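Survey of secondary and tertiary structure
Take a look at the letters that make up each chain.
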Amino acid sequence: MLFDTLLAILSALIIARNLFAKQGKIGISLVAIGLSALLTASLTPYYVTFLKLPNQGAATILYYIVTYLLLYVLIAVPAIILSSLVKIVIITLLLGLVTHVLPVALSTALVSKSRIYPLMEPLFARLPPLDVGALGRWFRSLLPGIR
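Bear in mind the structure is a predicted one, so any value in this text is a computation, not a measurement. (Residues numbered from 1 in each chain as written. Predicted model: local features only at pLDDT ≥ 70, side-chain atom pairs only at ≥ 80, totals over all residues. Heavy atoms only, no water.)

Re the overall build of the chain
What the chain contains, in helices and strands, is 6 helices and 0 strands. Order of helices (α) and strands (β) in the chain, N terminus to C terminus: α-α-α-α-α-α. In the chain, 75% of the contacts between residues at least 6 apart in sequence involve partners at least 24 apart. When the accessible surface of the chain is totalled, it reaches about 10,700 Å², and 78% of it is carbon and sulfur. (Helix = DSSP H or I, 4+ residues; strand = E, 2+ residues; numbered from the N terminus. Contact = heavy atoms within 4.5 Å. Areas by Shrake-Rupley, 256 points an atom, 1.4 Å probe, with all protein chains shown as cover.)

Okay, here's the thing in structure tokens:
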């Protein structure tokens, strides 16, 4: 139950961070801007043929802006959702791996009544046994100045 709660909190933080980031994804926003501009420019001649208004120039500009914003949202939002899902999967696997490496008493307390960890348990059961002490010594040997 605690594993699922931690995962839900981390997922909510990832989604909130991705939604409220101010153009943190430069590549995604540039792709969305470019695609929506191209699609909008290709749709503009159809606006002129379908809609006849007294001020056709202002109406065309208004339709262009509305279509651009609509297409930008349709392109950018799935990219944000996909980015969030990839991050959530990575966090889930890392949390599961950390839980697998923990001593049995701690990991049992974390995964008791969990609905997600039993789905991942066969994946971690294939891992060879890990010696946490040796792993810690190896990480310390990588740090500069510590011998």
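Quick word on the confidence of the model for the chain
Predicted confidence across the chain gives a mean pLDDT of 78, with 78% of residues reaching 70 or more. Mean pLDDT values over the elements of the chain span from 68, in helix α2 (residues 26-50), up to 86, in helix α5 (residues 117-125). (pLDDT = per-residue confidence, 0-100.)

Considering the packing of aromatic side chains
What characterises a pair of aromatic rings is the spacing of the ring centres plus the angle enclosed by the ring planes. Counted by the stated rule, this structure contains 3 aromatic pairs. Between the aromatic rings of F3 and Y117, the centroid separation amounts to 5.4 Å while the plane-to-plane angle is 70°, which identifies the pairing as edge-to-face. With a gap of 114 residues between them, F3 in helix α1 (residues 2-20) and Y117 in helix α5 connect regions that are remote in the sequence. Y117 matches F3 in its accessibility class, with the two residues each being buried. An angle of 50° between the planes, with centres 5.0 Å apart, marks the rings of W138 and F139 as tilted. Every member of this aromatic cluster is reached through a ring pair, and the members are F3, Y117 and F124. (Phe/Tyr/Trp six-rings, centres within 6.5 Å; stacked < 30°, edge-to-face > 60°. Buried < 20%, exposed > 50% of the residue type's maximum accessible area, 1.4 Å probe, protein only.)

Remarks on the side chain of S107
When you line up the elements, S107 lands in helix α4 (residues 104-111). Excluding its chain neighbours within four sequence positions, the residues that come into contact with S107 are T99 and L102.

Quick word on the environment of I15
Tracing the backbone shows I15 in helix α1. With 66 residues separating them along the chain, I15 and I81 place their C-alpha atoms 7.9 Å apart. If we skip the residues at most four places from it in the chain, I15 touches S84 and I88.

Quick word on the nonpolar core
Counting residues in hydrophobic clusters, the biggest one holds 8 residues: F3, L7, L95, L110, V111, Y117, M120 and F124. At the level of elements, α1, α4 and α5 are the ones that each hand at least two residues to this core. It is α5 that provides the largest number of residues to this core, a total of 3 residues. In this structure, F3 is in contact with T92, L95, G96, T99, L110, V111, S114, I116, Y117 and M120, ignoring residues within four places of it in sequence. (Core = buried A, V, L, I, M, F, W, Y, C linked by side-chain atoms within 4.5 Å.)

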